[in-house]
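In case you want the letters, here they are:
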Amino acid sequence: MGAGPDPVPGALLDWRDSQHFDRWQDRPCALCDKPTPMRSHSGEPVHKACAEEWIAANPTEARLGRFASDQPKRRRDDDHA
């Protein structure tokens, strides 16, 4: 997602690289909460299918390099406390 070309909605992610697999620990998926050894481009636990569905549903955010649990960047002058 963030590394490499921008994801195309509806396309399958290429997660053959070992960086997308944690052989030591399953963690709850950021999108469905079920355990997974899979990791996103930033090391976040997520099923490949869940990530692909999120990209299809959120193409603009995905093309900007964001992912489901990424927090939007706040501007310094955007403090309304």
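Residues numbered from 1 in each chain as written. Predicted model: local features only at pLDDT ≥ 70, side-chain atom pairs only at ≥ 80, totals over all residues. Heavy atoms only, no water.

Peer 1: Would you mind going over the overall build of the protein chain in detail, with residue names and values included?
Peer 2: Scanning the protein chain from terminus to terminus reveals two helices and two strands. Each helix and strand of the protein chain, placed in order from N terminus to C terminus, yields the pattern β-β-α-α. Among the 81 residues that make up the protein chain, the fraction classed as buried is 27%. Summarising the internal contacts of the protein chain: among those between residues at least 6 apart in sequence, 35% fall at separations of at least 24. Carbon together with sulfur atoms contributes 50% to the accessible area of the protein chain, which is approximately 5,900 Å² in total. (Helix = DSSP H or I, 4+ residues; strand = E, 2+ residues; numbered from the N terminus. Buried < 20%, exposed > 50% of the residue type's maximum accessible area, 1.4 Å probe, protein only. Contact = heavy atoms within 4.5 Å. Areas by Shrake-Rupley, 256 points an atom, 1.4 Å probe, with all protein chains shown as cover.)

Peer 1: Describe the pattern of salt bridges, listing the residues and the values that go with them.
Peer 2: Tallied over the entire structure, the rule returns three salt bridges. Here Arg39 and Asp22 are joined by a salt bridge, their closest N and O atoms 3.1 Å apart. In this pair, Arg39 is assigned in the loop between β2 (35-36) and α1 (48-57) and Asp22 in the segment before β1 (27-28), connecting sequence segments 17 residues apart. Taking relative accessible area as the criterion, Arg39 reaches 5% and is therefore assigned buried. The partner of Lys48 in a salt bridge is Glu52, and the shortest N-O contact between them spans 2.6 Å. Placement of both Lys48 and Glu52 in helix α1 is noted, with a separation of four residues, approximately one turn of the helix. Judged by relative accessible area, Lys48 falls into the partly exposed class, the value being 24%. (Salt bridge = Lys/Arg side-chain N within 4 Å of Asp/Glu carboxyl O.)

Peer 1: Lay out the nonpolar core with the relevant residues and their values.
Peer 2: By size, the foremost hydrophobic cluster in this structure holds eleven residues: Leu13, Trp15, Cys29, Met38, Val46, Cys50, Ala51, Trp54, Ile55, Ala62 and Phe67. A total of four residues in this core trace back to one element, the largest contributor, which is α1. (Core = buried A, V, L, I, M, F, W, Y, C linked by side-chain atoms within 4.5 Å.)

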